[in-house]
Amino acid sequence: MNITLAESAGFCFGVSRAVKMVEDLLKQGETVATLGPIIHNPQIVERFRKRGVSIIESPDEAEADSVVVIRSHGVSAQIYEQLLQKGVRIADATCPFVSKIHQIVAEATRDGRTVLIAGDRNHPEVEGICGHCRKTPQGEDSFIVFRDAQELSSLAELCPEITKKPVTVVAQTTFSMDEWKNSKKILKKVYTNALSFDTICNATALRQSQASELSRRCDLMIVVGGKHSSNTAKLCEVCRENCETYLVETADELPMEALQRAANVGVTAGASTPADIIKEVLETMSNDVINNTAEAAQDSNFAELLEESLKSFNTDEKVHGVVVGITPTEVYVDVGRKQAGFIPAEELSNDPAAKPEDLVKLGDEMDLLIMRTNDQEGTIMLSKKRYDAIRGWETIAAAAESKEVLTGTVAEVVKGGLIVVTEGVRVFVPASQATASRNDSLDEMLKKEVKLRIIEVNRQRGRRAVGSIRSVLRDERRAVTEKFWEEIEEGKEYVGTVKSLTQYGAFVDLGGVDGMIHISELSWVRIKHPSEVVNVGDTVSVFVKSFDKEKGKISLGFKRQEDNPWEIMKRDYPVGTVCEATVVGMTTFGAFARILPGIDGLIHISQIANRRIEKPQDVLTIGEVVNVKVTDVDFEKKRVSLSIRALLSDEAPAEEAPVSETPAEEVPAEEAPSEEVPAETAE
């Protein structure tokens, strides 16, 4: 039985991120609860349950001391608000692809558009998307969910008026690619005002495409994943179109009789399937596990290349030579024999682009390996790179034992990883061990110098060596982290990069360690979301407000005292200052005018005009810019009194203000206009 594993099988980015978030919280000793099962895989859910992770179905069930993890499917805006109101700590693992859909539908419904959602209306991801669609002015739903192209077509027949409305169309991230293509054809033909967004996850699209292609070449397909997983179900649908297909959650469910009849078996797995379950399935299906995994296939490919380049020599004899001639294709060497020695250009170095004249010069001495002797032609073909590889092999083998860090150069980017040349030896670095993050580009590493450890050597497999760059990067990061915690202190300033945003603040990378700026620390005026001040990728200057080394938490400050509007008021607007102010609110006893962002002053009704008026609206309008005089400032109570009357000429004597008028400084805070932020909020 020939077994082939699809290249894209197992955890996708969003699921991996969610699982890692729970793992990290457990390592930090937190009490963790997930809002619904963290992923659609019962084995993973059970493992977390045994480690103390509880599953809650609503925010009301959250314990005060727990951290609630929002799974990758995301939740509605209402549920998020309920969690915030309850005051529990939130770890948001919503997949970035899902968050993008939330943003699209929120903006669309805000602009009065109807949202069409392709997906399963009972799936938690779709429920969350619906929860970000705003109600219509009449209080009705502004979205419609359709499960396939046929239902979309029926919708147009049943409700023809919707085909003329402006609609925005999105798809569940795990929606079928074929159904989405068919749906787009209908949209283009029938829905004349449709604006569609391709929101199916790239990993989902690639996984379905590879599964379809693999199933065409196989007699039988095994799909590994949770029975309640939407993307796993889609994989089954794709594969069943081409061959006999079985869905299994574990190796125990494998259809052994059917497998015995099959010559070519394909294996793929849903985005919620962990690697160990995939491996268990493969091990059960075949005794030769190594040949059945995609990674081993990549390693095998590398091993074949390496074995070819280091295949048995005719003599294995080493000689010492002197360079006597150089051409663009060969280097001629005197090795003290009657035969003429020559080194083909490709045998000089592991760098295929290097030119012989750049590598050697006349008179250079070097040790070489005899590759082939041709007595008839009187020549000896020699290799320098193979001699260097043999000599460097002992260094490589020793480094594997000692875990010594070596330095090498990335010579090639190959399928599944990198080829790094160190000590003259070609070392294969799998993609999973090549970078600090799986999302980093391998192509950008070509020709760069890197540090690596040797994690595997195998003399029997063509002197195969496997290295890891990631382990060195992790150690360096750990060292940086330890040094950071040794030197951190309250008040210390750092320059960092905004890593992510949540409803309650911004996380900043301080150079290997993350800190959080609470939303209240981002601005002196009240804001609704951190994105009003910073964005992901921004470089920011921050200072440490507090930290907890044991829990690894850092609270950062961002706003500066010199930007405090009350400090600016004290410096630039002393009593007696004449300035412009914008009318922002009205009350029965006066008008509020904004002097600075965050500071609104009161113009008492007696100070609006040099005559008696019944109400402020007789003279002023919201948004009007007026000249005022600062008559009093109470910095302790954060109150400012203003006067227009003081700037008016006494053309007509002002009527004496009634005794019942309330002095500006005694205006109760609760009487401030509801649509405005009182001056006290500048604190």
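Because the structure is a prediction, the values reported are computed rather than measured.

Undergrad: Is there a simple way to explain the nonpolar core in this structure?
TA: Taken as a class, soluble globular proteins show a tendency for nonpolar side chains to be buried jointly. If you look at the biggest cluster of nonpolar residues, it comprises 26 residues, and the most contacted ones within it are M569, I595, L620, V628, V640 and L642. Residue assignment for this core shows that the elements contributing at least two residues are α16 (565-572), β28 (578-587), β29 (590-596), β30 (599-604), β31 (625-634) and β32 (639-643). Those residues in contact with M569, other than ones at most four positions away along the chain, are P574, I595, L596, I599, V630, V633, F635 and V640.

Undergrad: Would you take a moment to explain helix α11 (residues 275-285) for this structure?
TA: Helical geometry: 3.6 residues make up each α-helical turn, so side chains three or four residues apart lie on a common side. Among all positions in α11, only I277, I278, V281, L282 and M285 are buried. For α11, the buried positions fall inside an angular range of 140° around the axis, keeping them on one side. Residues of α11 that are buried sit in contact with β1 (2-5), α2 (42-50), β10 (220-224), α10 (256-261) and β12 (264-269).

Undergrad: What exactly am I supposed to notice about the environment of S432 here?
TA: With respect to the secondary-structure elements, S432 resides in the loop between β20 (425-430) and β21 (449-458). The class for S432 is buried, based on a relative accessible area of 18%. It is 8.1 Å that separates the C-alpha atoms of S432 and R470, two residues lying 38 residues apart in sequence. Dropping the residues within four chain positions of it, S432 is found in contact with R438 and R470.

Undergrad: Is there a simple way to think about the pairing of strand β26 (residues 539-548) in this case?
TA: A regular strand places its side chains so that they alternate between the two faces of the sheet. In this sheet, β26 lies alongside strand β23 (residues 493-502) in antiparallel orientation, the contact comprising 5 bridges. If you follow G496 over to β26, its bridge partner there is V540. Across 5 bridges, β26 lies against strand β27 (residues 553-557) in antiparallel orientation. Bridged to F543 within β27 is G557.

Undergrad: Help me out: how do you make sense of the packing of aromatic side chains in this one?
TA: Two numbers describe a pair of aromatic rings. These are the distance of the centres and the angle of the planes. Evaluation of the coordinates by the stated rule reveals 5 aromatic pairs. Between F484 and W485 the ring centres are 5.9 Å apart and the planes differ by 85°, which places this aromatic pair in the edge-to-face class. Across the pair, W485 and F484 agree in class, each one buried. With a centroid separation of 6.4 Å and 80° between ring planes, the pair formed by Y504 and F507 is classed as edge-to-face. Through successive ring pairs, a cluster of aromatic residues spans F484, W485, Y494 and F547. Of note, K570 hangs over the ring of F635, and the distance from its end group to the ring centre comes to 5.1 Å.

Parameters at a glance
- Residue numbers run consecutively from 1 along every chain, following the written order of its sequence.
- Predicted model: local features are reported for residues with pLDDT of at least 70 only, side-chain atom pairs are reported and counted for 80 or more only, and whole-chain, interface and lining totals are derived from all residues.
- Values reported for side chains reflect all heavy atoms of the structure, with hydrogen atoms and water molecules removed beforehand.
- The criterion is simple. A nonpolar core is a set of buried Ala, Val, Leu, Ile, Met, Phe, Trp, Tyr and Cys residues joined through side-chain atoms within 4.5 Å.
- Relative accessibility thresholds used throughout: buried, under 20% of the residue-type maximum; exposed, over 50%; partly exposed, between the two (1.4 Å probe, protein chains only).
- Secondary structure elements follow DSSP: runs of H or I of four or more residues count as helices, runs of E of two or more count as strands, with numbering from the N terminus.
- Throughout, a contact is declared for two residues whenever any of their heavy atoms are within 4.5 Å.
- To obtain the arc, one takes the directions from the helix axis to the C-beta atoms.
- One bridge is not enough; two strands pair if DSSP finds at least two bridges between them.
- Centres within 6.5 Å make a pair out of two Phe, Tyr or Trp rings, where for Trp the six-membered ring is used; the pair is then stacked when the planes are under 30 degrees apart, edge-to-face when over 60, and tilted otherwise.
- For a lysine, the NZ atom is tested; for an arginine, the CZ atom; a charge sits over a ring if that atom is within 6 Å of the ring centre and within 35 degrees of the ring normal.

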